[in-house]
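Letter by letter, the chains look like this.
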Amino acid sequence: MRIGLFMLANRDTATLVERIVKAEEDGFHAVWFGQVMGPDVMTVLALAGTRTQRIELGTSVVPVQLRHPVFMAQQALTVNAASGGRLTLGLGPSHRVVVEGSWGLSYDRAAAYMREYLTVLRGLVHEGKAQFQGEFFRVNVSFQVPGAGTFPILISALGPLMLRLAGEMAEGTVTWMTGPRALEKHVIPRIVRAAERAGRARPRIAVGLPLAVTSDPEAARQRAAQMFQFYGQLPSYRRMLDLEGVQAPHEVAIVGSEEEVERQLRRLADIGVTDFLASVFPGGDGDDGQSMARSREFLRSLVDRL
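The notes below deal with the structure included here. (Residues numbered from 1 in each chain as written. Predicted model: local features only at pLDDT ≥ 70, side-chain atom pairs only at ≥ 80, totals over all residues. Heavy atoms only, no water.)

**Considering the nonpolar core**
Among the nonpolar cores identified, the biggest contains 97 residues, and L91, I155, L265 and L268 are the most heavily contacted of them. Counting residues per element, this core draws most heavily on helix α5 (residues 110–127), at nine residues. Not counting the four nearest positions on each side in its chain, I155 is found in contact with L91, M114, L118, M162, L165, A166, A170, G172, T173 and V174. Residues F6, W32, V174 and A206 belong to the second largest nonpolar core, which totals eight residues. (Core = buried A, V, L, I, M, F, W, Y, C linked by side-chain atoms within 4.5 Å. Buried < 20%, exposed > 50% of the residue type's maximum accessible area, 1.4 Å probe, protein only. Helix = DSSP H or I, 4+ residues; strand = E, 2+ residues; numbered from the N terminus. Contact = heavy atoms within 4.5 Å.)

Structure (structure tokens):
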């Protein structure tokens, strides 16, 4: 299982690039950036691509509603060229409360929208052209981005329709706030079955979860309960928490001593998770900086051992 760091673009661009450089120096396989209302993560990754040589640069995830698939293809191919072929593009439909409440766009039929989106995007990425007439997109365009090459596309799939789509048309899925039970019983079987039926390679399963190595698990979970409670209010995550059999997001956080955290990560690897995206948060013992450094140092020790 590959180990990467999940980050938010909530600092200035120069700081974010330096964090990616440091992650590569520390030996992590990947960095993954969620797109929030701060800096554009694709631009950040393009800049970081010129400062790094090895580390995978992933998005987890870029919402599709705000970027036409033609523009997304141009931007992603440019990032891939700038990074020497190290981009992994994670895409998602976001959430109804954001799409409709903040952006004033429609969230209806998100899976159908994503299917058309991927059809156009993959045509441009893999063939340099897209000729498509659908319900949401009508595209007739071709272009080339010199030096770009193709790259993996993952989608944030949790429901049955999106998981089938991920297996049929993407290289895998990237999840958040989804615990091992829901992954093993719901997410992984559905996407693997869809990929097999479509005659495609076994998909990547990239899993993002909060993580804290700590001597005070109770304090860490209390901290997680404060930091991540919002996710329990979003319907897609709420369904995954219900499948997990837990009440709140902090209950799926990976928390405990070095030995306990390793045990939990090995369980993820055993059920078929290919990539772990660690959202390191303060564990509650000592100051926040020292607490997060302990977690990060332990994760470094696990690279290439899981």
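**Regarding the packing of helix α6 (residues 160–169) against helix α7 (residues 180–197)**
Contact geometry of α6 with α7 gives a least axis separation of 7 Å together with a crossing angle of 45°. It follows that α6 is oblique to α7 by the angle criterion. Both α6 and α7 take part in a crossing whose hand is right-handed. Contact residues: α6 offers P160, L163, R164, A166, G167 and E168, while α7 offers H186, V187, R190, I191, A194 and A195. Across the contact of α6 with α7, the residue classes tally to seven nonpolar, two polar and three charged. (Axes fitted to C-alpha atoms, helices over the stretch in contact; angles between N-to-C directions. Parallel < 35°, antiparallel > 145°, perpendicular 65-115°, else oblique. Left-handed = near helix turned anticlockwise from the far one by under 90°. Nonpolar A, V, L, I, M, F, W, Y, C, P; charged D, E, K, R; others polar.)

**What about the packing of aromatic side chains?**
Counted under the stated rule, the structure contains 11 aromatic pairs. With a centroid separation of 5.6 Å and 75° between ring planes, the pair formed by W176 and Y231 is classed as edge-to-face. One end of the pair, W176, is in strand β9 (residues 172–176); the other, Y231, is in the loop between α8 (217–228) and α9 (235–244), with 55 residues separating them in the sequence. Assessed through its relative accessible area of 24%, Y231 is described here as partly exposed. What links up through ring pairs into an aromatic cluster is the set F6, W176, F228, F230, Y231, Y237 and F281. (Phe/Tyr/Trp six-rings, centres within 6.5 Å; stacked < 30°, edge-to-face > 60°.)

**Observations regarding the side chain of S60**
Within the secondary structure, S60 sits in the loop between β3 (56–59) and β4 (62–63). The exposure class assigned to S60 is buried, which follows from its relative accessible area of 14%. S60 has contacts with F6, W32, F33, G34, V174 and L277, leaving out every residue within four places of it along the chain.

**Some details on unusual backbone geometry**
Following S60, the chain continues to V61 via a peptide bond in cis, the omega torsion being 0°. Structurally, V61 can be placed in the loop between β3 and β4. Not every positive phi belongs to a glycine, and M177 is a case in point at roughly 55°. Turning to its location among the elements, M177 is positioned in the loop between β9 and α7. On the basis of relative accessibility, which here comes to 0%, the residue M177 falls in the buried class. We note that D304 has phi near 75°; this positive angle belongs to a residue other than glycine. Secondary-structure assignment places D304 in the segment after α11 (288–302).

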